[in-house]
Amino acid sequence: KQWYQRRVRGNYYKIIDRFEATVVGQYMGHTHQDHFALQFSEESDHHPTSFQFISPSVTTYSNLRPSIRVYTLDGNYKKSTYRPLKTETYLLDLNRANEKNETVWEMEYDSVSAYNLTWLTPETMYQLYHRFKDDRAFFYKTYFQYKFHLQPNNPCNDSCYNNNLCEMITGRSGDPSICQNLSLKEQEMYFEKNKMC
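This section reports on the structure supplied with the text. Note that the structure is a prediction, hence the values are computed from the model and not measured.

### Focus on the sheet that holds strand 5 (residues 84-92)
The sheet built from three strands is open, its strands ordered 4-5-6 with antiparallel pairing. The open sheet terminates on both sides in strands that have one partner only, identified here as strand 4 (67-73) and strand 6 (105-110). Ignoring strand direction, the axes of neighbouring strands in this sheet form an average angle of 30 degrees. Here seven bridges tie strand 4 to strand 5, and the two strands are oriented antiparallel to one another. Residue pairing in the sheet places Y71 in a bridge with T87 of strand 5.

Here it is in structure tokens:
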């Protein structure tokens, strides 16, 4: 089964590489968490070719509030790029829903205000990754909090931090060469411990 999944993923990555000028966004789910993963060219320059928005889930899961994401695209005019310009993530107010039987979605954050990104491309997402890598406080204040909808003061130790950074650049899942500072065993242990499904 594992060899088959790697082969299918490998073919998928080749398609993304080949059509990087056409595929302007990948929109994923299933993890119940809010994160992204970059993919890089297999060519010698190893440039970022694409990235996956991995959206939180509308279903509740392990203390995570139901969430939805709205994408604003550069679109519907002649020669538009249809590239994502902005994301907005909303959380359901579960207390209000349970106590008052009202459905209220509260904006958690948007990509412009939180990350100062007005154009979501593989290059700008790679710059954001480097900003997280260079500024741990910024990573913790934004990305880590949004990923798990955390309250302030939740811990993220060195292993947590390094694995989250690794996760951002492993759109090619299972490639041990990507995160040089972590062994494949460390990566697998972290992902297994934190996987949602």
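From this point, things continue past the structure.
### Describing the pattern of salt bridges
Taken as a whole, this structure holds six salt bridges when the rule is applied. The partner of E102 in a salt bridge is R96, and the shortest N-O contact between them spans 2.7 Å. The class for E102 is partly exposed, based on a relative accessible area of 32%. Across the salt bridge formed by E167 and K147, the nearest N and O atoms sit 2.5 Å from each other. Taken together, the residues span a long stretch of sequence, with E167 in helix 6 (residues 158-168) and K147 in helix 5 (residues 136-148) at a distance of 20 residues. For the pair E167 and K147, one class covers both residues: buried.

### Overview of the state of the cysteines
Across all of its chains, the model carries one disulfide by this definition. For C156, the disulfide goes to C160, at an S-S distance of 2.1 Å. Taking the sign of the torsion about the S-S bond as the criterion, the disulfide between C156 and C160, at about -95 degrees, is left-handed. As far as burial versus exposure is concerned, C156 and C160 are alike and both buried.

### Side note on unusual backbone geometry
Of note in this structure, K79 is not a glycine but carries a positive phi near 65 degrees. Relative to the helices and strands, K79 is located in the loop between strand 4 and strand 5. Owing to a relative accessible area of 77%, K79 belongs among the exposed residues under this scheme. Phi is positive for Y82, which is not a glycine, with a value near 60 degrees. Here Y82 lies in the loop between strand 4 and strand 5. Residue class for Y82 comes out partly exposed when judged on its relative accessible area of 42%.

### Focus on the side chain of S55
With respect to the helices and strands, S55 occurs in the loop between strand 3 (48-54) and strand 4. For S55, the side chain forms a polar contact with the side chain of R69, separated by 3.2 Å. At 2.8 Å, the side chain of S55 forms a polar contact with the side chain of Y71. Other than its neighbours up to four places away in sequence, S55 contacts M28, G29, Q33, R69 and Y71.

### A few points about helix 6
Burial runs high along helix 6: eight of the 11 residues are buried. Looking at helix 6, one finds that the buried residues are C160, Y161, N163, N164, L165, C166, E167 and M168. Between the side-chain oxygen at the start of helix 6 and the backbone nitrogen of S159 there is a gap of 3.2 Å, and the oxygen is on N157.

### Focus: the packing of helix 4 (residues 122-134) against helix 5
At a minimum axis distance of 5 Å, the contact between helix 4 and helix 5 shows a crossing angle of 115 degrees. Judged on the interaxial angle alone, helix 5 and helix 4 are roughly perpendicular. For the pair formed by helix 4 and helix 5, the contact residues are L128, R131, F132 and D134 on the first element and R136, F138, F139, T142 and Y143 on the second. Across the contact of helix 4 with helix 5, the residue classes tally to five nonpolar, one polar and three charged.

### Some words on the nonpolar core
If you look at the biggest cluster of nonpolar residues, it comprises 29 residues, and the most contacted ones within it are Y115 and F132. Of all the secondary-structure elements, those providing two or more residues to this core are strand 2 (35-40), strand 3, helix 3 (111-115), helix 4, helix 5 and helix 6. Ranked by residue count, the leading element in this core is helix 5, at six residues. If we ignore the near neighbours within four places in the chain, the residues touching Y115 are Y109, D110, L128, R131, F132, F138, T142, Y143 and Y146.

Cut-offs applied
- As a convention, each chain's residues are numbered from 1 in the sequence order in which they are written.
- In keeping with the model being predicted, local features are shown solely for residues with a pLDDT of at least 70 and side-chain atom pairs are shown and tallied solely at 80 or more, while totals for entire chains, interfaces and linings include all residues.
- Only hydrogens and water are set aside when side-chain values are computed; all heavy atoms of the structure are taken into account.
- Paired strands are those between which DSSP finds at least two bridges.
- We count a stretch as a helix when DSSP gives it H or I for four or more residues in a row; a strand needs E for two or more, and each element gets its number in order from the N terminus.
- Working convention: axes come from line fits to C-alpha atoms, limited for helices to the stretch in contact. Angles between N-to-C directions cover 0 to 180 degrees.
- A carboxyl oxygen of Asp or Glu within 4 Å of a side-chain nitrogen of Lys or Arg is what we treat as a salt bridge.
- Accessible area is worked out with a 1.4 Å probe on protein chains only. A residue is then buried under 20% of its type maximum, exposed over 50%, and partly exposed in between.
- The rule for a disulfide is simple: a pair of cysteine sulfur atoms within 2.5 Å.
- Counted as a polar contact is a pair of N or O atoms within 3.5 Å, where, for protein atoms, one must be capable of donating a hydrogen and the other of accepting one, and residues adjacent in sequence contribute only when both atoms are in side chains.
- The contact definition used throughout considers only heavy atoms, calling two residues in contact when any of these lie within 4.5 Å.
- By the definition adopted for this analysis, an angle is roughly parallel if under 35 degrees, roughly antiparallel if over 145, roughly perpendicular if from 65 to 115, and oblique otherwise.
- Three categories are distinguished: nonpolar for Ala, Val, Leu, Ile, Met, Phe, Trp, Tyr, Cys and Pro, charged for Asp, Glu, Lys and Arg, and polar for the others, with Gly belonging to the last.
- By nonpolar core is meant a set of buried Ala, Val, Leu, Ile, Met, Phe, Trp, Tyr and Cys residues that side-chain atoms within 4.5 Å join together.

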